[in-house]
Amino acid sequence: MDELEQVYNELIMEHSMNSYNKKQLKDVDFSEKGHNPNCGDEITLEIKMNGDIIEDMAFLGHGCAISQSSTSIMIDTLKGKTIEEARGIIKTFIGMIKREKISDEELEKLEDAIAFKNIANMPARVKCALLAWHTLEDMIDKNLEQGNGTSNCCEN
Ligand code: ZN
């Protein structure tokens, strides 16, 4: 294992054991459940919007280390981003896991989520790593049509 892989593995372990993102939000605009029957991973994502910016996000649930840490790291990466940016980053992450060709510039936007790069070599864990990202994508598709921002948002 090279040094970078070691760092990635430690990051994944850290987030899987005791994630500060695993909690209930006080103020929730949308929530979405995700389930990976292959492994038994179950998560619920909660999101608080501010206009079209993801102001806060958290998750509850249980599952393997990969699913839990991928959810937590996704939250770190996407908090504070706009829905449009989040969509792009989700697409990049899924592309990375599916070994599509992605520019370094795009990969950089993944921040710590790049730690899951080698999951592509472990087909049995791919669904665990993608669970949170697909769940968030579903939530956005259902609730946050592109360009609309939140439908319940106030006038300034
Ligand atoms: Zn799993």
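Notes on the structure follow. (Residues numbered from 1 in each chain as written. Predicted model: local features only at pLDDT ≥ 70, side-chain atom pairs only at ≥ 80, totals over all residues. Heavy atoms only, no water.)

**A few points about the overall build of the protein**
Keep this limit in mind: Secondary structure elements follow DSSP: runs of H or I of four or more residues count as helices, runs of E of two or more count as strands, with numbering from the N terminus. Between buried and exposed lies partly exposed: a residue is buried under 20% and exposed over 50% of the maximum accessible area for its type, with that area taken using a 1.4 Å probe on protein chains only. The contact criterion used throughout is that any non-hydrogen atoms of two residues lie within 4.5 Å. Calculation of accessible area relied on Shrake-Rupley with a 1.4 Å probe; when residues are assessed, cover is drawn exclusively from the protein chains displayed. Counting rule applied: Lys, Arg positive; Asp, Glu negative; His and chain ends not counted. By convention, charge coordinates are those of NZ in Lys, CZ in Arg, CG in Asp, or CD in Glu.
The helix and strand inventory of the protein stands at five helices and three strands. Reading the secondary structure of the protein in the N-to-C direction produces α-β-β-β-α-α-α-α. Principal axes of the C-alpha set define a box for the protein whose edges measure 55 × 35 × 25 Å. Counting across all 156 residues of the protein, residues that qualify as buried make up 45%. Considering only contacts in the protein between residues 6 or more positions apart, those separated by 24 or more positions represent 58%. Carbon and sulfur atoms form 46% of the exposed surface of the protein, whose accessible area is close to 8,700 Å². Distance between charge centroids for the protein: 4 Å, based on 17 positive and 29 negative side chains.

**Observations regarding the coordination of the zinc ion**
Reference values for angles at a metal are 109.5 degrees in the four-donor tetrahedral case and 90 or 180 degrees in the six-donor octahedral case. Quick reminder of the rule: Water is not part of the atom set, so a site may look incomplete; the donors themselves are N, O and S atoms within 2.8 Å of the metal, or 3.2 Å for Na, K and Ca.
Within the protein, the atoms that donate to the zinc ion are Cys-39 (SG), Asp-41 (OD), Asp-41 (OD), Cys-64 (SG) and Cys-128 (SG), at distances of 2.2 to 2.7 Å. You can call Cys-39 partly exposed: its relative accessible area is 34%. For Asp-41, a relative accessible area of 0% puts it in the buried group.

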